[in-house]
Amino acid sequence: MNNCELCQQQGDVIVQTDAWRVVLVNDAHYPGFCRVIWRAHIQEMTDLTATNRALLMDVVWQVEAAIREVMQPRKINVASLGNAVPHLHWHVIPRYTDDMHFPNPIWGQVERSTNAHSQQRHGLIPALKAAICARLADPILRKS
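These numbers were taken from a predicted model, which means no experiment stands behind them.

K.L.:
Run through helix 1 (residues 50-71), naming residues and quoting values.
P.N.:
Taking 1.5 Å of rise per residue, the 22 residues of helix 1 would be expected to cover 32 Å, and the 31 Å separating its terminal C-alpha atoms lies within 8% of that figure. The complete set of buried residues in helix 1 reads N52, L55, L56, M57, V59, V60, V63, E64, A66, I67, V70 and M71. Against the buried residues of helix 1 lie strand 2 (20-24), strand 3 (34-38), strand 4 (75-79), strand 5 (89-95), helix 2 (118-122) and helix 3 (125-135). Phi turns positive one or two residues past the end of helix 1, at Q72, with a value near 50 degrees.

See below:
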């Protein structure tokens, strides 16, 4: 679909296969925020075969594990909404007690205006990218 922003090659692609890609979201307030995007333009998990559903979720969990390992957040938010962009994707978002919205969703009410540790966390991005690539190097996860 030409007008689908997730069909376009947007963002900092960390790793991709013919079936999926992992993108680092450029969000100054949420370093380490990733999207796992199914490359074919479909809307719902049930549009995938059972095998591909399992594959996609394995990728999501590997991204979550890499974020936990490198970024050491207080919590991880994993969400698949797709109301604004009806293309199957998952948000994997590291959360900290000092982030702008905590404990609300990042799309919710702002609780504080600054994040004192954001710059320090941005410095972890190269290590996060390496950890995600290492976790997704398994040939089983690269099948489409």
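There is more to say after this.
K.L.:
Kindly report on the packing of aromatic side chains, identifying the contributing residues and their values.
P.N.:
Taken as a whole and assessed by the stated rule, the structure comprises zero aromatic pairs. Over the aromatic face of Y96 sits the side chain of R121, whose NZ or CZ is 3.5 Å from the ring centroid.

K.L.:
Residues and numbers for the environment of I93, please.
P.N.:
Checked against the element boundaries, I93 lands in strand 5. On the basis of relative accessible area, I93 is assigned to the buried category, the value being 1%. In this structure the C-alpha to C-alpha distance between I93 and V63, which are 30 residues apart in sequence, comes to 9.9 Å. In this view, I93 contacts Y30, F33, K75, I76, N77, I106 and W107; residues no more than four positions away in its chain are not counted.

K.L.:
I'd love a proper account of the layout of surface pockets, names of residues and values included.
P.N.:
Approximately 220 Å³ is the volume attributed to the largest pocket. Class assignment of the residues belonging to the lining of the largest pocket gives a composition of five nonpolar, four polar and two charged.

K.L.:
Can you break down the side chain of H89 residue by residue, with the values?
P.N.:
Positionally, H89 belongs in strand 5. One polar contact links the side chain of H89 to the main-chain carbonyl oxygen of H87, over a distance of 2.5 Å. Here the side chain of H89 touches H91 through a polar contact of 3.2 Å, side chain to side chain. Discounting chain neighbours no more than four positions away, the residues touching H89 are L6, R35, V36, I37, A79, S80 and G82.

K.L.:
How would you explain the environment of W90 if you had to name every residue and give the values?
P.N.:
Its location among the elements puts W90 in strand 5. Residue W90 is classed as buried on the basis of its relative accessible area of 15%. Sequence spacing of W90 and D27 is 63 residues, and the spatial spacing of their C-alpha atoms is 16 Å. Each residue touching W90, except ones within four places of it in the same chain, is listed here: C34, R35, V36, M45, L56, M57, V60, V78, A79 and S80.

K.L.:
Can you break down the pattern of salt bridges residue by residue, with the values?
P.N.:
Scanning all chains against the criterion turns up four salt bridges. With a closest N to O distance of 2.6 Å, D12 and K129 form a salt bridge. Taken together, the positions of D12 in strand 1 (residues 12-16) and K129 in helix 3 put the pair 117 residues apart, joining distant regions of the chain. Take D12: its relative accessible area is 31%, and that puts it in the partly exposed class. A salt bridge links D99 to R95; the shortest N-O distance between them is 2.7 Å. The two residues D99 and R95 agree in class, both being buried.

Quick notes on the rules
- Residues numbered from 1 in each chain as written.
- Predicted model: local features only at pLDDT ≥ 70, side-chain atom pairs only at ≥ 80, totals over all residues.
- Heavy atoms only, no water.
- Helix = DSSP H or I, 4+ residues; strand = E, 2+ residues; numbered from the N terminus.
- Expected span 1.5 Å × (residues − 1).
- Buried < 20%, exposed > 50% of the residue type's maximum accessible area, 1.4 Å probe, protein only.
- Contact = heavy atoms within 4.5 Å.
- Phe/Tyr/Trp six-rings, centres within 6.5 Å; stacked < 30°, edge-to-face > 60°.
- Lys NZ or Arg CZ within 6 Å of the ring centre and 35° of its normal.
- 1 Å grid on protein atoms, 1.4 Å probe; cavity = no way out; pocket = protein on both sides within 12 Å on 5 of 7 lines; lining within 4 Å.
- Points joined across faces, edges and corners; volume = space filled by probe spheres on them.
- Nonpolar A, V, L, I, M, F, W, Y, C, P; charged D, E, K, R; others polar.
- Polar contact = N/O pair within 3.5 Å; in protein donor to acceptor, adjacent residues only side chain to side chain.
- Salt bridge = Lys/Arg side-chain N within 4 Å of Asp/Glu carboxyl O.

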